[in-house]
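Read off the chains here:
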Amino acid sequence: MATAPAGPDPVPGPGSGPGPGPVAVPSPPDLHAVPMVALNYSVRRRLGLYLNPRAAAAADWTALAEELGCEYLEIRRLEARPDPTAALLEDWQCRCPGGATVGRLLDLLRRLGRHDVLLDLADSVGEARRHPSAPSRAAPFPQGRRGGPARLRPAPPAPQAGSAPRPGRSVREGEGGNGTEMFDAFICYCQKDLQFVQEMIRELEQTEFKLKLCVFDRDVLPGTCVWSISGELIERRCRRMVVVISDDYLESDECDFQTKFALSLSPGARLKRLIPVKCKTMKNEFPSILRFITICDYTNPCTKKWFWMRLAKSLMLP
C-alpha cells in the first residue's frame, strides 16, 4: 500500500504544541472607555486657555458646566477658582467617576461647537489612549520646572533659512538659535492704552536698559488663538509681566484672562513677578486682585521723573 507523500509540517495552532501561540495585538481603547484621570495636566491647562475666558461668540466653561448638569450656585462657586475649567473637570470626576470619560468630554465640546479646541488638542488627547483605564495604574508625568507635570509639547525647532515664521509665534523667533525667543516681560494692556505701551517701548528697549518686551500687537503674527498663544508666552517665554492698569483695562476680557492666568501660575506673584503700572487717572477702583502688589504710578507727578528707571530695575531683577 502506497504511503502519501510527506507534506510540510503543519503550523502549530494555539495550544497544539509546546511553543507559544500567536500573540494578539491589543487595539487602542475607545476614548469613551478612558477615564478623565488619563487626561494629563498639560491638556487640562490648554483646555483652560480656550474655555476660561468668558466670550459671547463661543461657548466657554460655563456652557460646558451646564451640559454637565451643574446648577447656578455650583457655577458661581467655580467662578471664584483661578482655573474654573480645571476645577469643573475635577468636580465632574468626583461626581461621576464612571461617566466622566475623555470621549464624553470630546462629545460635549463637539456639541458646543468648539471645533477649534478639538483640532488643537487632537494629538495631545490621543495620548490618553495609551494610559490604562484604571486610575491606580496611571503613569506619573515628568516634573516641570515648578514641580508640576511637564508640558507635552517641547520648544519648537528653529525655522529653516528662508522659511516663513509660524503663525502665533514671535516675528523674531529663532534669533537665539534654539527656536524660541525669550522676553524680559510680557506687556498686558488694552488697545486704548497702546500709545502708553509705545512710549514704554521707547523708554525700555531703545535706551541704555536694552530690555526685550513682548508686545502682542508687534511680536505675535496673526492667525492663531489669542488665548492659547497668550498663555504660552506668559508661562514659558516671559520672565515678568507688566500689567498696564486703566479704566479701559477693567473692561477688557483679554486683560482679565492674562492677569488671572499669570496669578494662577504663581499665587501671590512670588515666582512670576507681576508689576502693575497705573498709566492714567482712574474713575473706578484699582483691581482688587492686584492691590497686594506694589505698583508703579505713572500719574504721580512727584515720582514721574524716575518712573522708567524704577520700572526697568524691577524688570532686570534676577
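What you see is a predicted model; the values in this text were computed from it and never measured.

A. Representation of the sheet that holds strand β2 (residues 213-214). Strand order in the open sheet made by the 5 strands is β2-β1-β3-β4-β5, with parallel pairing throughout. What marks the edges here is a single partner per strand, and that holds for β2 and β5 (296-297). Set on the sheet, helix α8 (residues 194-204) makes contact with β1 (183-188), β2, β3 (238-245) and β4 (274-278); between it and β3 the angle comes to about 135 degrees.

B. Region of interest: the packing of helix α10 (residues 226-237) against helix α12 (residues 253-265). Viewed as axis vectors pointing N to C, α10 and α12 meet at an angle of 40 degrees, and their least axial separation amounts to 10 Å. Between α10 and α12 lies a crossing whose hand is right-handed. Residues Val-226, Trp-227, Ser-230, Gly-231, Ile-234 and Glu-235 of α10 form the contact with α12, whose participating residues are Asp-253, Glu-254, Phe-257, Gln-258, Phe-261, Ala-262 and Leu-265. Tallied by class, the residues present in the contact of α10 with α12 amount to 7 nonpolar, 3 polar and 3 charged.

C. Spotlight on the layout of surface pockets. Its boundaries defined by the atoms lining it, the largest pocket holds a volume of some 520 Å³. For the largest pocket, the lining is made up of 21 residues, of which Arg-81, Pro-82, Pro-84, Asp-256 and Lys-260 are closest to its centre. If you list the elements that add at least two residues to the lining of the largest pocket, you get α1 (41-51) and α12.

D. Quick look at unusual backbone geometry. Located in the positive-phi region is Lys-210, a residue other than glycine, with phi close to 55 degrees. Looking at the element boundaries, Lys-210 is found in the loop between α8 and β2. On the basis of relative accessibility, which here comes to 61%, the residue Lys-210 falls in the exposed class.

E. Broad picture of α12. Taking 1.5 Å of rise per residue, 13 residues should cover 18 Å, and α12 covers 18 Å from first to last C-alpha, within 8% of that figure. Among the residues of α12, Cys-255, Phe-257, Gln-258, Thr-259, Phe-261, Ala-262, Leu-263 and Leu-265 are the ones counted as buried. The inward-facing, buried residues of α12 abut α1, β1, α10, β3, α11 (247-250) and β4.

F. How the structure looks around the pairing of β1. When you tally the buried positions in β1, you get 6 out of 6 residues, the bulk of the element. Here 5 bridges tie β1 to β3, and the two strands are oriented parallel to one another. Directly across from Ile-187, in β3, lies its bridge partner Val-242. When β1 meets β2, the two strands line up parallel, connected through 2 bridges. Among the inter-strand pairings, Phe-186 is bridged to a residue of β2, identified as Cys-214. Handedness of the β1-α8-β2 crossover: right-handed.

G. Broad picture of the packing of aromatic side chains. With the rule as written, the count across this model stands at 6 aromatic pairs. Summarising the aromatic geometry, the rings of Tyr-298 and Phe-307 are spaced 5.1 Å apart at their centres and angled 70 degrees between planes, so their arrangement reads as edge-to-face. Neither residue differs from the other here; Tyr-298 and Phe-307 are each classed as buried. One aromatic cluster in this structure is built from Phe-196, Tyr-298, Phe-307 and Trp-308. Seen from the ring of Tyr-298, Lys-304 lies directly overhead, with NZ or CZ sitting 4.4 Å from the centre.

H. Representation of helix α13 (residues 307-316). Looking only at α13, the buried set comprises Phe-307, Trp-308, Leu-311, Ala-312, Ser-314 and Leu-315. Buried residues of α13, seen end-on, are gathered within an arc of 160 degrees and therefore sit on one face of the element. Turning to α13, the residues buried within the fold contact β1, α8, β2, β3, β4 and β5.

I. Broad picture of the nonpolar core. Ile-187, Met-200, Leu-204, Leu-213, Val-242 and Leu-311 are the most contacted members of the largest nonpolar core, which has 52 residues in total. Looking at this core, the elements that each hand over two or more residues are β1, α8, β2, α10, β3, α12, β4 and α13. Discounting chain neighbours no more than four positions away, the residues touching Leu-311 are Met-200, Leu-204, Val-242, Ile-275, Val-277 and Cys-296. Residues Val-43, Leu-89, Ala-100 and Leu-108 belong to the second largest nonpolar core, which totals 32 residues.

J. Here's a closer look at the environment of Leu-317. Of note, Leu-317 is situated in the segment after α13. Placed 77 residues apart in sequence, Leu-317 and Arg-240 show a C-alpha to C-alpha distance of 9.7 Å. Filtering out sequence-adjacent residues up to four positions away, Leu-317 remains in contact with Arg-239, Arg-240 and Arg-273.

K. Region of interest: the pattern of salt bridges. Under the criterion given, the structure shown has 17 salt bridges. Each of Lys-192, Asp-193, Asp-248 and Lys-280 takes part in one network of salt bridges that share partners.

Cut-offs used in this document
- Here the residue numbering is sequential within each chain, running from 1 through the sequence in written order.
- A pLDDT threshold of at least 70 governs which residues receive local features in this predicted model, and a stricter bar of 80 or more applies before side-chain atom pairs are shown or counted, although totals over entire chains, interfaces and linings include all residues.
- The side-chain numbers reported here are obtained from all heavy atoms of the structure, hydrogens and water having been left aside.
- Two strands are counted as paired when DSSP detects at least two bridges linking them.
- Working definition: helices are DSSP H or I runs of at least four residues, strands are E runs of at least two. Numbering for both runs from the N terminus.
- The contact rule is simple, with two residues in contact once any of their heavy atoms fall within 4.5 Å.
- With axes taken as lines fitted to C-alpha atoms, and helix axes fitted only over the stretch in contact, angles between N-to-C directions fall between 0 and 180 degrees.
- Should the near helix be turned counterclockwise from the far one by less than a right angle, the crossing is left-handed, whereas a clockwise turn marks it as right-handed.
- Gly falls in the polar group here, along with every residue not listed as nonpolar (Ala, Val, Leu, Ile, Met, Phe, Trp, Tyr, Cys, Pro) or charged (Asp, Glu, Lys, Arg).
- Put simply, the grid is 1 Å and covers the protein atoms alone, a cavity is a trapped set of points that fit a 1.4 Å probe, a pocket is an open set with protein on both sides within 12 Å along at least five of seven lines, and lining residues have an atom within 4 Å of a point.
- Grid points are joined across faces, edges and corners, and a volume is the space filled by probe spheres set on the points.
- Accessible area is worked out with a 1.4 Å probe on protein chains only. A residue is then buried under 20% of its type maximum, exposed over 50%, and partly exposed in between.
- Each helix should span, by expectation, one fewer than its residue count multiplied by 1.5 Å.
- Consider the strands pointing away from the viewer: the crossover is right-handed when the path from the first strand over the helix to the second runs clockwise.
- Between the rings of Phe, Tyr and Trp (Trp by its six-membered ring), a pair exists once the centres lie within 6.5 Å; its type follows the angle of the planes, with under 30 degrees stacked, over 60 edge-to-face, and the other angles tilted.
- Charge-over-ring contacts are defined here by two conditions on Lys NZ or Arg CZ: a distance within 6 Å of the ring centre and an angle within 35 degrees of the ring normal.
- This arc corresponds to the set of directions leading from the helix axis out to the C-beta atoms.
- Among buried residues, the Ala, Val, Leu, Ile, Met, Phe, Trp, Tyr and Cys ones that are joined through side-chain atoms within 4.5 Å form a nonpolar core.
- Whenever a carboxyl oxygen of Asp or Glu lies within 4 Å of a side-chain nitrogen of Lys or Arg, that contact is scored as a salt bridge.

Read these as layout, nothing more, since geometry by itself doesn't imply function.
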